[in-house]
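Chains, contacts and geometry: an overview
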Amino acid sequence: MVKYDKFILKNGLTVLVHYDRNTPMTAMNLIYKVGSRDEHPDKTGFAHLFEHLMFGGSLNIPKFDEPLQKAGGENNAFTNSDFTDYYLTIPTNNLETAFWLESDRMLSLAFTQKSLEVQRQVVIEEFKQNYLNQPYGDVYLLLKPLAYKKHPYRWNTIGKEVGHIRNAGMADVKAFYEKYYRPDNAILSIAGKVTTKQIEALAVKWFGPIPAGKQQPNTYTSEPEQAGERKLTVERPVPQNAIYLAWHMPPRTDRRFYHYDLISDILSNGNSSRLYQTLVKKERLFSDINAFVTGDLDNGLFIVSGKLINGTTSPEATDAIQKQLDLMAKEMVQEDELQKVKNKIESNLIFSKISVLNKALNLGYYEMLGDAARLNSEIENYRKVSSRQIREEAAQLFTQKKRNTLFYRAKKNN
Amino acid sequence: MFNMLNRTEIPNLGKAAPLELREPECLTLANGMEVYVIDIDEVAVTRVDLVLRAGSVHQDKKLVADTVSSLLREGTKTLNSSQLAEKLDYHGAFFDVNVTKDTTALTLYTLTKHLPDLLPVMGEMLRDAVFPEEELNIHLERRRQEFLVNIEKVRYKASLEFNQLVFGKNTAYGQVPEALDFDRLNRADLLDFYKEYYVPEKSYCILSGTVDESVKSLVESHFGSGWQQGNRMEQTRLNYSTVDPLKAQFVEKKGSMQSAIRVGRQMVGKLHPDYNRFILLNTILGGYFGSRLMSNLREDKGFTYGVSSFVANYRHSGYFSIATEVNAEHTRAALDEIDKEIRRLRENRVGDEELGLVKNYIYGTFLRNFDGPFALAERFRAVRDFGLGFDFYRKSLEEILTTNATDLIETADKYLQADDLYQLVVGEMGEGVVNSNK
C-alpha cells in the first residue's frame with residue numbers, strides 16, 4: 001500500500017506526496033501531459049526534442065544539471081506518445097533545490113539558439129544510434145504507419161524522419177512551450193522522508209506564482225476500424241529474418257486492457273509461457289518470441305514479435321503464431337495458468353514499491369491515467385479477470401482481417 | 001511576497017551527513033560457506049545472491065562459464081526444463097544468472113512467503129543440474145543468433161575488440177567469443193566446469209530484504225549441509241593479460257552512420273592507494289551527465305547522443321575506458337577532443353567550483369547507491385569479491401572528499417599519459433585519414 005496525499009494549487013498544478021522514512025533520498029517526478037500524439041504530422045519528433053531543450057537553460061538558471069549535481073542530485077527524462085516525464089532524486093536536505101530548478105523551467109525557458117542547434121544534432125545522433133545504425137532498429141518506424149493510418153500514433157516518438165528534427169525552429173519551440181508546459185497540464189509527485197505540510201509550502205512558494213495555461217485540450221483523429229489485412233515486407237542487412245504481427249486494442253484505461261495484458265503474459269511472460277515452450281523449445285521455429293501490449297492512452301497495439309530460426313519460412317512463422325492465438329480464442333485457459341500470470345503481476349507490483357523513485361513515478365503515472373489511488377487497487381483489476389473473458393477477448397481481437405504483418409527479411413551479404 | 005523569491009541563486013544546501021552503513025551479519029554454514037544478511041523488512045520480499053568463484057577466466061573453452069550458468073534452469077535430477085520454468089513463474093519469482101570475468105552469480109528475487117518452495121529449487125540447480133544435450137543445442141543455437149545480431153552493433157563489437165586490445169588476445173581477461181565458438185562446446189565441457197567450480201569453497205551468499213530465522217534455516221539446509229566441498233583449481237590456467245605494443249586499432253564497418261570509440265587502459269583496483277583519486281578524476285572526465293566529455297562532445301558540439309568513462313574492476317586487474325558512438329563524419333574530430341580533455345586533466349588544475357560540484361555529486365551517488373536492501377546487496381557484493389566490506393565505501397568517500405587539485409594533477413600525470421592509452425575505432429573514419437598509429 002502506497003499512502004499519499006494530494007492537493008491542487010490555484011494555478012492547476014496537481015501535487016502528490018508519499019512519506020517514506022527509510023531513505024535519505026527524495027524522488028521528484030513531474031509529468032507534462034504532452035507526447036508525440038500532440039505533434040503536427042509534418043513536425044514529428046518534436047515533443048522528444050523539446051524534452052532535450054528543457055535541460056538547455058531556463059529564465060534564471062543557465063544550466064539545469066549543474067546546480068542539481070552540486071546538490072548531489074541526479075535526473076533524467078523520457079517522452080512517449082502520450083506524455084513527457086522528468087524525474088530526479090536528491091538528498092532530502094537539498095530538496096528545495098529541486099523545487100527551484102523545476103519551477104524555473106516551468107516559469108520560462110531561456111530559448112537560446114545555441115541550445116536548439118546543439119540538441120537538434122544530439123537528437124539526430126540518438127535517432128541514428130537507436131533506430132538507424134542498429135539491426136532491427138527501424139522496426140517501429142515501419143510497423144506504426146502500417147497499423148495506423150489516421151491517428152498520430154502512426155509516427156514514432158523519435159519522429160518520422162531525421163529531416164523533421166533538422167527543421168525544427170525557435171517559433172515552434174516557443175508555441176509548444178506556451179501550450180503544453182503549464183502547471184494545469186502537469187502532475188508533480190514526491191516520495192521521501194517529507195511531510196505533506198513541507199511539500200505544500202515548497203510547492204506554493206516555487207510553483208504557485210506560475211500562471212495557468214490558456215489551452216484547450218487536444219482531440220485526436222480516431223483510427224478508423226481496420227477493413228482488411230495489411231502486410232509489408234522489407235529487406236535489411238541483418239543476420240536473421242524477423243516477423244511482427246500487430247492488432248489494434250482498447251486504450252490503457254479501458255477495462256479490457258487487463259484482459260489483453262494477461263493474454264500477452266500467458267503467451268510470453270517467462271520461460272514457462274506458451275509461445276516460448278511451443279515455438280522456441282518444442283517446434284524450434286523461432287529463436288526468440290515475444291507478445292506485449294503498448295498500453296497507450298488511445299487505442300494501442302497488441303504485438304507479437306519473433307526472430308525466425310534459419311529455415312522457418314514467413315508463412316510457417318505466421319501460421320504457427322496464429323495457431324497459438326486461435327487456441328486462446330477456442331479453449332478456456334486453465335485456472336492454474338491464469339493464476340500464474342496473475343501472481344507474476346502481483347509480484348511485479350510489489351517489487352515496484354521498493355524504491356522512492358519508482359513510487360514517485362507510479363503515483364504520477366496513475367494520476368495521469370485518472371487517479372493515483374489506482375496504484376493500490378490495480379491488482380484487483382487483474383484478479384477479477386476470468387478464463388471466459390480471456391477467451392472472448394482473444395476471439396474478438398486476433399482475427400486475420402485485422403492483422404498487420406511486418407516481415408523483416410535478412411538480405412544475404414555478398 | 002512575490003518579489004522576495006530569489007530565483008537566480010541556488011537555495012541553501014544542506015550539510016552532507018556522513019555515510020552510515022552497518023556491516024551485514026555474517027553466518028557460516030556447515031560446509032564452511034559464508035552467508036551475509038542484510039535484513040530490512042519494509043516489504044515482504046527477499047533477494048538471494050549466490051556468488052561462485054566461477055568466472056570466464058576459469059574456463060578452458062570460451063563460453064563455458066556462461067553456458068553452464070544458463071543451463072542450470074534447463075534440468076536437474078528431479079525437475080525438467082519446463083517444470084523448473086513453471087515453478088519459478090507460478091510463484092512470480094525472478095531468477096537471474098550473471099557471469100563476469102571472475103564470478104558467476106545466481107540471483108533469486110521472490111516474495112518472502114515463497115522461499116520454502118523456491119530455495120530447494122535453487123539448491124538443486126546448484127548441486128544437481130544435468131545439462132540435457134537437447135537443451136544445450138537449443139540454447140547454443142539461440143545464443144549464436146543473438147551474438148550474430150549483436151556483433152552488427154558498433155558498440156558491442158567495440159566492447160569486445162577493446163577488451164582484447166587492452167588485455168591481449170586469448171589471455172584470461174582478454175578472451176572474447178566469436179561465432180565459431182558456439183559450435184565447439186559440448187556437454188562434457190559443461191559437466192567438468194560445473195563439477196570443479198560449483199562448490200562451496202570461495203563461494204558466498206547474500207540474503208537481503210526480509211530475512212527471518214526461517215529463511216536462514218532454509219539456506220542452511222539447501223546451501224549448507226546438502227552441498228559438499230569439492231576440489232577446485234586455485235587459479236586460471238591462462239595469463240591474465242599480456243602487453244601489446246600496438247596501441248591503436250581501427251576496425252572498418254562500411255556504411256556505418258556512427259563510429260564507436262574506445263580510449264583507455266588497464267587500471268589499478270580497489271585495493272590500490274591511487275584508486276579513489278582516480279575514481280574522482282574519472283568522474284570529472286566522463287563519469288556523470290555534466291562531465292567534461294559530455295559538455296564538450298555532446299552539449300557543445302553535438303557529435304554524439306552520449307559519452308562516458310568508467311572504471312571496471314577485476315580480481316587481478318581492471319581497466320579504465322572512455323566509450324562513445326559518434327556521428328561517423330566527426331570521428332577524427334571526436335578523437336581529437338578526447339585527447340584534448342585528457343591533456344587538460346594532466347596540465348591544468350581542476351577549479352574549486354567544478355571540484356566542489358563533483359564531490360557533492362559523488363556524495364549524492366553514494367546515498368543513492370545504498371538506497372534499499374537490494375541496492376545494499378549489490379554494493380556489498382562489489383566489495384566482498386575483493387575481500388572488503390562496507391567500510392571500504394566509508395573510507396573511499398572520505399578519501400574522495402579530501403582529494404585536492406594537486407592530487408588530481410599527479411594522478412592524471414601518472415595514469416593518463418597519451419602513450420599509455422589504447423585507442424579503438426569501429427565504424428568509419430569519415431573525412432580524416434585512416435591511421436593505425438596515433
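Worth saying up front: this structure is predicted, and the values here are computed from it rather than measured.

Glancing now at the interface of chain B and chain A. Facing 66 residues of chain B, the contacting portion of chain A comprises 75 residues. Residues B:D89 and A:K344 are paired through a salt bridge, measuring 2.8 Å at the closest nitrogen-oxygen approach. Counting across the chain B and chain A interface gives 34 residue pairs in polar contact (both at pLDDT 80 or more). Those elements that provide at least two residues to the side of chain B that touches chain A are α2 (81-90), β5 (104-111), α4 (133-150), α5 (154-167), α10 (292-300), β9 (304-313), β10 (318-327) and α12 (352-369) of chain B. The element that contributes the greatest number of residues to the side of chain B that touches chain A is α4(B), accounting for 9 residues. A per-class count over the side of chain B that touches chain A returns 27 nonpolar, 17 polar and 22 charged.

All names here are of chain A. Partitioning chain A into domains gives domain 1 (5-206) and domain 2 (230-410). The centre of domain 1, based on its C-alpha atoms, is set 28 Å off from the matching centre of domain 2. Contacts between the two partners involve 38 residues from domain 1 and, on the opposite side, 36 residues from domain 2. Of the roughly 3100 Å² buried between domain 1 and domain 2, counting both surfaces, carbon and sulfur atoms make up 71%. Per-residue buried area on domain 1 facing domain 2 is highest for Y136, L143 and L146; these three make up 22% of the total on that side. Taken together, the connections running from domain 1 to domain 2 amount to 4 salt bridges. Across the salt bridge formed by D20 and K359, the nearest N and O atoms sit 2.8 Å from each other. Across the domain 1-domain 2 interface, the total number found is 16 residue pairs in polar contact (both at pLDDT 80 or more). Breaking the side of domain 1 that touches domain 2 down by element, the ones donating at least two residues are β2 (14-19), β3 (25-32), β5 (84-91), α5 (139-147) and β6 (186-192).

This brings us to the sheet that holds β6(A). Residues and elements named next belong to chain A. The 6 strands lie next to each other as β1-β2-β6-β3-β5-β4, forming an open sheet whose pairing is mixed. Of all the strands in the sheet, the pair left with one neighbour each is β1 (5-8) and β4 (74-79). Each adjacent strand pair in this sheet contributes to an overall mean axis angle of 15 degrees, direction not counted. Two strands pair when backbone bridges link them, and β3 and β5 are joined in this way by 8 bridges, in the antiparallel orientation. Residue pairing across strands places I31 opposite D85, the latter belonging to β5. The sheet contacts of helix α8 (residues 196-206) involve β1, β2 and β6, and relative to β1 the element is tilted by about 20 degrees.

Residues and elements named next belong to chain B. Taken N-terminus to C-terminus, the directions of helix α9 (residues 275-286) and helix α14 (residues 391-402) make an angle of 60 degrees; their axes are 9 Å apart at the nearest point. If you check the angle between α9 and α14, you find them oblique. For α9 against α14, the interelement crossing comes out right-handed. Of the residues in α14, those in contact with Y275, N276, I279 and L280 of α9 are F392, S396, E399 and I400.

All right, on to the sheet that holds strand β11 (residues 422-427) of chain B then. Residue and element names in this part refer to chain B. Pairing is mixed across the open sheet formed by 5 strands, whose spatial order is β7-β11-β8-β10-β9. The open sheet terminates on both sides in strands that have one partner only, identified here as β7 (248-252) and β9. Neighbour-to-neighbour, the strand axes of the sheet open up by a mean angle of 15 degrees, direction not taken into account. Note that β9 and β10 share 8 bridges and pair antiparallel.

It is worth spelling out α8(A) at this point. Residues and elements named next belong to chain A. Taken together, the buried positions of α8 are T196, I199, L202, A203 and W206. With its buried residues spanning 130 degrees around the axis, α8 presents them on a single face. In the core, the buried residues of α8 are packed alongside β1, β2, α3 (95-107) and β6.

Here we come to the packing of aromatic side chains. For the coordinates displayed, the defined rule picks out 55 aromatic pairs over all chains. When the ring of A:F127 is compared with that of A:Y131, the centres are 5.9 Å apart and the planes differ by 70 degrees; the resulting orientation is edge-to-face. Of this pair, A:F127 and A:Y131 both sit in helix α4 (residues 113-132), 4 residues apart, which is roughly one turn of that helix. For A:F127, a relative accessible area of 1% puts it in the buried group. Pairing B:F167 with B:Y314 gives two aromatic rings, centres 5.7 Å apart and planes at 40 degrees, and the pair type is tilted. Residue B:F167 is located in helix α5, and its partner B:Y314 is located in the loop between β9 and β10; the two are separated by 147 residues in the primary sequence. With relative accessibility at 0%, the residue B:F167 sits in the buried group. When its relative accessible area of 12% is taken as the criterion, B:Y314 is described as buried. Among the aromatic residues, those joined into a cluster by ring pairs are A:Y32, A:F46, A:F50, A:F55, A:F64, A:Y86, A:F111, A:F176, A:Y177, A:Y180 and A:Y181. Directly above the aromatic system of B:Y422 lies the positively charged group of B:K247, at a separation of 5.0 Å from the ring centroid.

Positive phi, normally seen in glycine, also occurs at A:R284, with a value near 50 degrees. As for its placement among the helices and strands, A:R284 is situated in the loop between α10 (274-282) and β9 (286-293). By relative accessible area, which is 32% here, A:R284 ends up partly exposed. Positive phi, normally seen in glycine, also occurs at B:F131, with a value near 50 degrees. In this fold, B:F131 is placed in the loop between α3 (115-127) and α4. Taking relative accessible area as the criterion, B:F131 reaches 0% and is therefore assigned buried.

What counts as what
Residues numbered from 1 in each chain as written. Chains lettered and ligands numbered in written order. Predicted model: local features only at pLDDT ≥ 70, side-chain atom pairs only at ≥ 80, totals over all residues. Heavy atoms only, no water. Contact = heavy atoms within 4.5 Å. Salt bridge = Lys/Arg side-chain N within 4 Å of Asp/Glu carboxyl O. Polar contact = N/O pair within 3.5 Å; in protein donor to acceptor, adjacent residues only side chain to side chain. Helix = DSSP H or I, 4+ residues; strand = E, 2+ residues; numbered from the N terminus. Nonpolar A, V, L, I, M, F, W, Y, C, P; charged D, E, K, R; others polar. Domains from an automatic or database assignment. Buried area = accessible area lost by both parts, 1.4 Å probe. Pairing = 2+ DSSP bridges. Axes fitted to C-alpha atoms, helices over the stretch in contact; angles between N-to-C directions. Parallel < 35°, antiparallel > 145°, perpendicular 65-115°, else oblique. Left-handed = near helix turned anticlockwise from the far one by under 90°. Buried < 20%, exposed > 50% of the residue type's maximum accessible area, 1.4 Å probe, protein only. Arc of directions from axis to C-beta. Phe/Tyr/Trp six-rings, centres within 6.5 Å; stacked < 30°, edge-to-face > 60°. Lys NZ or Arg CZ within 6 Å of the ring centre and 35° of its normal.

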